[in-house]
Amino acid sequence: MTVTVQVDTTRPVATLINIFTVSPDRQDELVALLARATEETMKHQPGFLHANFHVSLDGERVINYAQWETEEHYRAMLANPEARFHMDQAAKIATDVQPRLFQVRSAHTRP
């Protein structure tokens, strides 16, 4: 399976990088939950652009790379009870959750 990460550098967007620490035996469970939450809720929120989930080979991390049109859209999603429910479920699986917003300054692709 080929998976690509979308990095939107054509306009200023809010880039979420959320690092979850998880027990290796629960890594797949967390990814399944995050993917389901994205399909059912997140991608229907105003301003959502895309989300990707990355797993560490040691099984101890899941990284969510997502982009929202603006920081305000991201903050509005955080206040949505349905979205909050999914995030609370993820926090019960993970032992640590570290969400941060970023701006993409540089992206490079092989010609």
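Only a predicted model underlies this, so the values are computations on that prediction, with no experimental measurement involved.

### Some details on the overall build of the protein
Here is step 1 of the chain: Helix and strand content of the protein: three helices and four strands.
Here is step 2 of the chain: Helices (α) and strands (β) of the protein occur, in sequence order from the N terminus, as β-α-β-β-α-α-β.
Here is step 3 of the chain: A compact globule built from 111 residues should have a C-alpha radius of gyration of about 13 Å, and the protein, at 14 Å, falls within 12% of that.
Here is step 4 of the chain: Its C-alpha atoms give the protein principal-axis dimensions of roughly 40 × 35 × 25 Å.
Here is step 5 of the chain: In the protein, which comprises 111 residues, the proportion classed as buried is 33%.
Here is step 6 of the chain: Nonlocal contacts in the protein, meaning residues at least 24 apart in sequence, comprise 75% of its contacts between residues at least 6 apart.
Here is step 7 of the chain: The average position of the 11 basic charges and that of the 14 acidic charges among the side chains of the protein differ by 4 Å.

### Points about helix 3 (residues 81-93)
Here is step 1 of the chain: Its 13 residues give helix 3 an end-to-end C-alpha distance of 19 Å, which sits within 8% of 18 Å, the value for a rise of 1.5 Å per residue.
Here is step 2 of the chain: Looking at the buried positions of helix 3, the neighbouring elements they touch are strand 1 (14-21), helix 1 (27-40) and helix 2 (71-79).
Here is step 3 of the chain: N-capping of helix 3 is provided by Asn80, with a side-chain oxygen placed 2.8 Å from the backbone N of Glu82.

### Description of the confidence of the model for the protein
Here is step 1 of the chain: For the protein, per-residue confidence averages 92 on the pLDDT scale, and residues scoring 70 or more make up 93% of the total.
Here is step 2 of the chain: Mean pLDDT values for the elements of the protein range from 95 in strand 2 (residues 48-55) up to 97 in helix 1.

### With respect to the pairing of strand 1
Here is step 1 of the chain: In terms of residue burial, strand 1 counts as a mostly covered element, since six of its eight residues are buried.
Here is step 2 of the chain: Bridging between strand 1 and strand 3 (residues 61-68) involves eight bridges; their strand directions are antiparallel. Looking at strand 3, one finds that Leu16 is bridged to Ala66.

Definitions and cut-offs
- Residues numbered from 1 in each chain as written.
- Predicted model: local features only at pLDDT ≥ 70, side-chain atom pairs only at ≥ 80, totals over all residues.
- Heavy atoms only, no water.
- Helix = DSSP H or I, 4+ residues; strand = E, 2+ residues; numbered from the N terminus.
- Rg over C-alpha atoms; globule rule 2.2 N^0.38 Å.
- Buried < 20%, exposed > 50% of the residue type's maximum accessible area, 1.4 Å probe, protein only.
- Contact = heavy atoms within 4.5 Å.
- Lys, Arg positive; Asp, Glu negative; His and termini not counted.
- Charge placed at Lys NZ, Arg CZ, Asp CG, Glu CD.
- Expected span 1.5 Å × (residues − 1).
- Polar contact = N/O pair within 3.5 Å; in protein donor to acceptor, adjacent residues only side chain to side chain.
- pLDDT = per-residue confidence, 0-100.
- Pairing = 2+ DSSP bridges.

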